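Next come the chains, spelled out residue by residue.
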Amino acid sequence: GPAADPARVKGLSIIEALTRLAQGKGTFISRGDDSGTHKKELELWEKAGIKPQGQWYKAVGKGMADTLIMTNELAAYTLTDRGTYASMKNRLKLEALVFGDAALFNPYGVIAVNPERHPEVNYQGAMAFIEFITSAEAKKIINGYKVNGEQLFIAE
């Protein structure tokens, strides 16, 4: 959201922040594009018991970069992924105001396709990838990946 934080959401849980925005204390810009970030946003509104609608809520049907630019221009609030925000934050007057809340975690997973159901898949390659991506070496690479000095992913 905007550095001035007119809705006063800084440091709140994501549910508390969304509730405050839904009370008309700020404008929320949604990607509205059925992306993973948009689906996570909808999950959070549902957890908050809020149906996002009204003048304060704008679904724009854009990608994350365009949504951040619009959010910046309107001094509004949005839900963003770390990578896009980190790569753009030097051009924005937006700050990460709500973060670290477990409800915001969006874990990735890896699963091999069943070769009995799909014999055309490269099952051995998939298993080699799974073995690597869950290894200590891969976790070190993932945890060390940064954009503008900010760690983007946490491999456990």
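Residues numbered from 1 in each chain as written. Predicted model: local features only at pLDDT ≥ 70, side-chain atom pairs only at ≥ 80, totals over all residues. Heavy atoms only, no water.

## Notes on the overall build of the protein chain
No. 1: Assigned secondary structure in the protein chain consists of 6 helices and 4 strands.
No. 2: Mapped in sequence order, the helices and strands of the protein chain form the string α-β-α-β-α-α-α-α-β-β.
No. 3: In the protein chain, buried positions account for 33% of the 156 residues.
No. 4: Pairs at least 24 residues apart make up 58% of the contacts formed inside the protein chain by residues separated by at least 6 positions.
No. 5: When the accessible area of the protein chain is evaluated, it comes to approximately 10,000 Å², of which 52% is carbon and sulfur surface.
No. 6: Across the protein chain, the 19 positively charged side chains and the 18 negatively charged ones have centroids separated by 7 Å. (Helix = DSSP H or I, 4+ residues; strand = E, 2+ residues; numbered from the N terminus. Buried < 20%, exposed > 50% of the residue type's maximum accessible area, 1.4 Å probe, protein only. Contact = heavy atoms within 4.5 Å. Areas by Shrake-Rupley, 256 points an atom, 1.4 Å probe, with all protein chains shown as cover. Lys, Arg positive; Asp, Glu negative; His and termini not counted. Charge placed at Lys NZ, Arg CZ, Asp CG, Glu CD.)

## Re the packing of aromatic side chains
Two measures describe an aromatic ring pair: the distance that separates the ring centres and the angle between the ring planes.
No. 1: In total, this model carries 7 aromatic pairs according to the counting rule given.
No. 2: Between Phe28 and Tyr57, the aromatic rings sit 5.9 Å apart at their centres with planes inclined by 0 degrees, giving stacked as the arrangement. Of this pair, Phe28 sits in strand E1 (residues 28-30) while Tyr57 is found in strand E2 (residues 57-59), placing the two residues 29 residues apart along the sequence. Neither residue differs from the other here; Phe28 and Tyr57 are each classed as buried.
No. 3: Taking 6.5 Å as the distance between ring centres and 25 degrees as the angle between the ring planes, the aromatic pair formed by Tyr145 and Phe153 counts as stacked.
No. 4: What makes Tyr145 partly exposed here is its relative accessible area of 44%.
No. 5: Owing to a relative accessible area of 35%, Phe153 belongs among the partly exposed residues under this scheme.
No. 6: Taken together, Phe28, Trp45, Trp56 and Tyr57 form an aromatic cluster joined through their ring pairs. (Phe/Tyr/Trp six-rings, centres within 6.5 Å; stacked < 30°, edge-to-face > 60°.)

## So, a nonpolar patch on the surface
No. 1: Where nonpolar side chains cluster on the molecular surface, the patch consists of Tyr108, Tyr145 and Phe153 and spans about 390 Å² of accessible area.
No. 2: Tracing the backbone through its elements, the reader meets Tyr108 in the loop between helix H4 (82-88) and helix H5 (123-133).
No. 3: For Tyr108, a relative accessible area of 73% translates into the label exposed. (Patch = residues over 30% accessible without salt bridge, like charges linked within 9 Å, V, L, I, M, F, W, Y side chains within 5 Å. Salt bridge = Lys/Arg side-chain N within 4 Å of Asp/Glu carboxyl O.)

## Here we look at the environment of Thr78
No. 1: Relative to the assigned elements, Thr78 resides in the loop between helix H3 (64-74) and H4.
No. 2: Taking the C-alpha atoms as reference points, Thr78 and Ile29, 49 residues apart in sequence, are found 5.1 Å from one another.
No. 3: In contact with Thr78, not counting residues within four places along its chain, are Phe28, Ile29, Met64, Thr67, Leu68 and Thr71.
No. 4: Side-chain polar atoms of Thr78 contact the backbone oxygen of Ile29, separated by 2.6 Å. (Polar contact = N/O pair within 3.5 Å; in protein donor to acceptor, adjacent residues only side chain to side chain.)

## What about the pattern of salt bridges?
No. 1: Applying the stated criterion across every chain yields a total of 5 salt bridges.
No. 2: Measuring nitrogen to oxygen at the nearest pair gives 2.8 Å for the salt bridge that ties Asp33 to Arg31.
No. 3: The exposure class of Asp33 is partly exposed, given its relative accessible area of 27%.
No. 4: Residue class for Arg31 comes out buried when judged on its relative accessible area of 13%.

## Remarks on unusual backbone geometry
No. 1: Phi is positive for Ala75, close to 50 degrees, though the residue is something other than glycine.
No. 2: For Ala75, a relative accessible area of 43% corresponds to the partly exposed category.
No. 3: In this model, Asn148 sits at a positive phi of 50 degrees, which is unusual for a non-glycine residue.
No. 4: Among the structural elements, Asn148 can be located in the loop between strand E3 (146-147) and strand E4 (150-151).

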